[in-house]
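# Structure assessment
What follows is the residue order along each chain.
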Amino acid sequence: MLETTIAAIRPADETAMAAARELHGRLTKPAGSLGALEDLSVRLAGLAGACPPPLPEPAAVAIFAGDHGVHAQGVSPWPQEVTAQMIGNFLAGGAVVNAFARQAGASVTVVDVGVATPLPAAPVPDPAVLDAAAPVPAVLDPAAPRLVVASVRRGTRDLAVTAALTRDEALAAVQTGIRIADELIDAGARILLTGDMGIGNTTPAAALIAAFTGVDALDATGRGTGVDDPTYAHKVGVVRAALARHAPDPTDPLGVLAAVGGLEHAALAGLILGAAARRTPVLLDGVIAVSAALAAAAFAPDAVGAMVAGHRSAEPGATVALRHLGLEPLVDLGLRLGEGTGALLALPVVTGAVRVLHEVATFDSAGVAEK
């Protein structure tokens, strides 16, 4: 599955991009007056191979959840059980991501790809609970979060001691993400948004960012949910020691994910690759998403053409990763929540960029004189 997905990823369509630039020059506005929105719409035309590109609606958020053996190193003050508890909150509609998804009319799919503790038995209201082999609904319902149980293993191993995953486990998680992308697109989604949940997951994210970009652990590591100075220093040390222990090779993205990644990171990389293969945009959320995006780009450099940076996370590693990918975030609000919240806030910007090409009159059609 991974090989065929990578083989299907193609460069941007230069003809469609040229047509989008030419159309912008004929719309009733000064040339370049929409700034980054014009660049974004041109990129999306290139991804779709059409001008104008399809409107990015409906939208689907995929929240991949997993736990981390490195939690045992004391890198987060939160108990690991919070991962499963927050899944219950997502399914009950009570998290920030749910509030923003309702505002945007986006569906929410939660994927247990490696949660260590039992999930809540009876979330309220009951979601459509799917196992790994069950079909996705024909139409995604923004009002009904759903759960996909596709656990590869119950949390990773401790990356400070040994490889977090075997290569086969990392591959299984990547392929889970590809499958979810296919299911959501087949159900009608025209843009995918990344979400994540996993106590301690900013530690493997920092390790991934440092491994793929070559920066020092200090530059890639942030405070996550808000650790104090001693814990932060310890966290940097854990990341630095893990990189020294495993010496991950950035030209071997599956090996990097296995050595220092998380199951949700690997699955997000798969989601991005799956979307790119289907020429569907992926709106990236925060530091977990962009660390996964680095892996996706290492698998297939042209996958970057499907990526839209939703926001600039307060985590320093996110800026490092975005710079490496050559992506400029749409909004910068100092967010560091994850879940997909920043991507959802950026979604109207993406929709607006495309809607301009669909709905704004040209000078000729509107009878407006040009300069």
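Small disclaimer: the values here were computed from a predicted structure and weren't measured.

## Re the overall build of the protein
When you go through the protein residue by residue, the secondary structure sums to 15 helices and seven strands. For 371 residues, the compact-globule formula gives about 21 Å, and the C-alpha radius of gyration of the protein, at 20 Å, lands near that figure. For the C-alpha atoms alone, the extent of the protein along its principal axes is close to 70 × 45 × 40 Å. Residue burial in the protein is summarised as follows: out of 371 residues, 57% are buried. Taking as baseline every contact in the protein between residues at least 6 positions apart, the subset at least 24 positions apart corresponds to 79%. Roughly 14,000 Å² of accessible area belongs to the protein as shown, and the carbon and sulfur atoms make up 57% of that amount. Placing the 24 positive and 36 negative side-chain charges of the protein at their respective mean positions leaves the two points 2 Å apart.

## Notes on the packing of helix α3 (residues 36–48) against helix α14 (residues 341–359)
The N-to-C vectors of α3 and α14 enclose an angle of 75°; their axes lie 9 Å apart at closest approach. Between α3 and α14, the angle falls in the class roughly perpendicular. Along its contact with α3, which presents Leu-37, Leu-40, Ser-41 and Leu-44, the element α14 presents Val-349, Val-350, Ala-353, Val-354 and Leu-357. A breakdown of the residues in the contact of α3 with α14 according to their chemical character gives eight nonpolar, one polar and no charged.

## Describing the packing of aromatic side chains
Following the criterion strictly, the structure yields zero aromatic pairs and no others. Seen from the ring of Tyr-232, Arg-223 lies directly overhead, with NZ or CZ sitting 4.7 Å from the centre.

## Brief notes about the pattern of salt bridges
In this structure the tally under the stated criterion is 14 salt bridges. Between Arg-312 and Asp-332 there is a salt bridge; the shortest N-O distance is 3.5 Å. Of the two residues, Arg-312 is situated in the loop between β7 (307–309) and α13 (316–325) and Asp-332 in the loop between α13 and α14; the sequence distance between them amounts to 20 residues. For Asp-332, a relative accessible area of 53% translates into the label exposed.

## Side note on α3
Helix length check: α3 (13 residues) gives 18 Å between terminal C-alpha atoms against 18 Å at 1.5 Å per residue, within 8%. Along α3, the positions that sit buried rather than exposed are Glu-38, Leu-40, Ser-41, Val-42, Leu-44, Ala-45, Gly-46 and Leu-47. Packing partners of the buried residues in α3 comprise α2 (14–26), β7 and α14. Backbone geometry just downstream of α3 places Gly-49 in the positive-phi region, at approximately 70°.

## Considerations on unusual backbone geometry
Cis geometry is found at the peptide bond from Cys-51 to Pro-52, where omega equals -5°. Position of Pro-52 relative to the elements: it lies in the loop between α3 and β1 (59–66). Cis geometry is found at the peptide bond from Glu-57 to Pro-58, where omega equals 0°. Considering the arrangement of structural elements, one finds Pro-58 in the loop between α3 and β1. Phi at Arg-279 takes a positive value of approximately 55°, unusual for a residue other than glycine.

## Concerning the nonpolar core
With 119 residues, the main nonpolar core has Leu-192, Leu-193, Leu-283, Leu-284 and Met-307 as its most contacted residues. No other element matches helix α12 (residues 287–299), which puts eleven residues into this core. Of all hydrophobic cores here, the second largest spans nine residues; its members include Ala-20, Leu-27, Val-42 and Leu-357.

## Points about the pairing of β1
By the criterion of burial, β1 is predominantly enclosed, with eight of the eight residues buried. In this structure, β1 lies alongside strand β2 (residues 107–114), joined through seven bridges in parallel fashion. By the bridge assignment, Val-61 is partnered in β2 with Val-108.

## A few points about the pairing of β2
Burial analysis of β2 places eight of its eight residues in the buried class, the great majority of the element. Judged from the four bridges that link them, β2 and strand β4 (residues 146–149) form a sheet pairing that is parallel. Bridge assignment links Asp-112 to a residue of β4, and that residue is Val-149.

## Regarding the environment of Thr-83
By secondary structure assignment, the location of Thr-83 is in helix α4 (residues 82–92). For Thr-83, a relative accessible area of 0% puts it in the buried group. Between the alpha carbons of Thr-83 and Val-304 there is a distance of 29 Å; along the sequence they are 221 residues apart. Excluding its chain neighbours within four sequence positions, the residues that come into contact with Thr-83 are Ala-65, Gly-66, Asp-67, Val-115, Met-197, Gly-198 and Ile-199.

Definitions and cut-offs
- Residues numbered from 1 in each chain as written.
- Predicted model: local features only at pLDDT ≥ 70, side-chain atom pairs only at ≥ 80, totals over all residues.
- Heavy atoms only, no water.
- Helix = DSSP H or I, 4+ residues; strand = E, 2+ residues; numbered from the N terminus.
- Rg over C-alpha atoms; globule rule 2.2 N^0.38 Å.
- Buried < 20%, exposed > 50% of the residue type's maximum accessible area, 1.4 Å probe, protein only.
- Contact = heavy atoms within 4.5 Å.
- Areas by Shrake-Rupley, 256 points an atom, 1.4 Å probe, with all protein chains shown as cover.
- Lys, Arg positive; Asp, Glu negative; His and termini not counted.
- Charge placed at Lys NZ, Arg CZ, Asp CG, Glu CD.
- Axes fitted to C-alpha atoms, helices over the stretch in contact; angles between N-to-C directions.
- Parallel < 35°, antiparallel > 145°, perpendicular 65-115°, else oblique.
- Nonpolar A, V, L, I, M, F, W, Y, C, P; charged D, E, K, R; others polar.
- Phe/Tyr/Trp six-rings, centres within 6.5 Å; stacked < 30°, edge-to-face > 60°.
- Lys NZ or Arg CZ within 6 Å of the ring centre and 35° of its normal.
- Salt bridge = Lys/Arg side-chain N within 4 Å of Asp/Glu carboxyl O.
- Expected span 1.5 Å × (residues − 1).
- Core = buried A, V, L, I, M, F, W, Y, C linked by side-chain atoms within 4.5 Å.
- Pairing = 2+ DSSP bridges.

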